[in-house]
Amino acid sequence: MSTHIHDMVPGQRLDFKGPLPKYAWSENKHDHIALVAGGTGITPMYQLCRAIFNNPNDKTKVTLVFGNVSEEDILLRRELAELENTYPQRFRAFYVLDKAPKGWQGGSGFINKELLKTVLPEPKEENVKVFVCGPPGLMKAISGPKVSPKDQGELSGTLQDLGYTKEQVYKF
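An unreviewed UniProt entry annotates the protein as NADH-cytochrome b5 reductase 2 originating from Conoideocrella luteorostrata. In its Cofactor (unreviewed entry) section, the UniProt entry covering the protein states "FAD". Its UniProt record gives the protein the following Function (unreviewed entry) comment, quoted word for word: "May mediate the reduction of outer membrane cytochrome b5."

Take a look at the structure:
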């Protein structure tokens, strides 16, 4: 989009729409949420984290699984580390890199079933929600694609394999 805007000439018109509310959050809506993000898919996840942790009445526990190509690609890393340090009992972040450097302590390759089974809240726990946002390949593998802004589509992929229900998953 930035290339398109840069190529515009004075007098051309550009219309914007939004903001478009996606998931209405209220404090303590869920006991534990999981955020599975890839690349810039961290954007709505971080907004959700800010809404939770900026509200002293919200006690929601948050687990983030964040996949990127390289370590340099990890957006908001400092801010996420600050959340982990400030709320160690309520916020955990797990990073997965497609091209992990030598000595990398996080996961490597792609976000997989074994990692999610280990770190996400159990699907049988009461009042849990899993949010997913990322590129098409991640969406297909983890939750199945979203059909349209108003249609979440069917649940498939790793989350279905792990026993989550369609009602427990929200696709941004």
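Structure's up, so let's keep going.
Student: Help me understand the pairing of strand β2 (residues 61–68) in this model?
Tutor: Side chains on a regular strand alternate between the two faces of the sheet. The buried count for β2 comes to 7 of 8 residues, which makes it a mostly enclosed element. Sheet topology places strand β1 (residues 32–38) next to β2; 7 bridges connect them, and they run parallel. Its bridge partner lying in β2, V36 is registered against V65. Following the backbone out of β1, through helix α2 (residues 42–53) and into the adjacent parallel β2, one traces a crossover that is right-handed. Judged from the 7 bridges that link them, β2 and strand β3 (residues 91–97) form a sheet pairing that is parallel. From the neighbouring strand, F66 faces β3, where its bridge partner is Y95. Note that the unit made of β2, helix α3 (residues 77–86) and β3 has a crossover that is right-handed.

What counts as what
Residues numbered from 1 in each chain as written. Predicted model: local features only at pLDDT ≥ 70, side-chain atom pairs only at ≥ 80, totals over all residues. Heavy atoms only, no water. UniProt positions renumbered as here; feature names shortened; annotations may be inferred. Buried < 20%, exposed > 50% of the residue type's maximum accessible area, 1.4 Å probe, protein only. Helix = DSSP H or I, 4+ residues; strand = E, 2+ residues; numbered from the N terminus. Pairing = 2+ DSSP bridges. Right-handed = clockwise from strand over helix to strand, strands pointing away.

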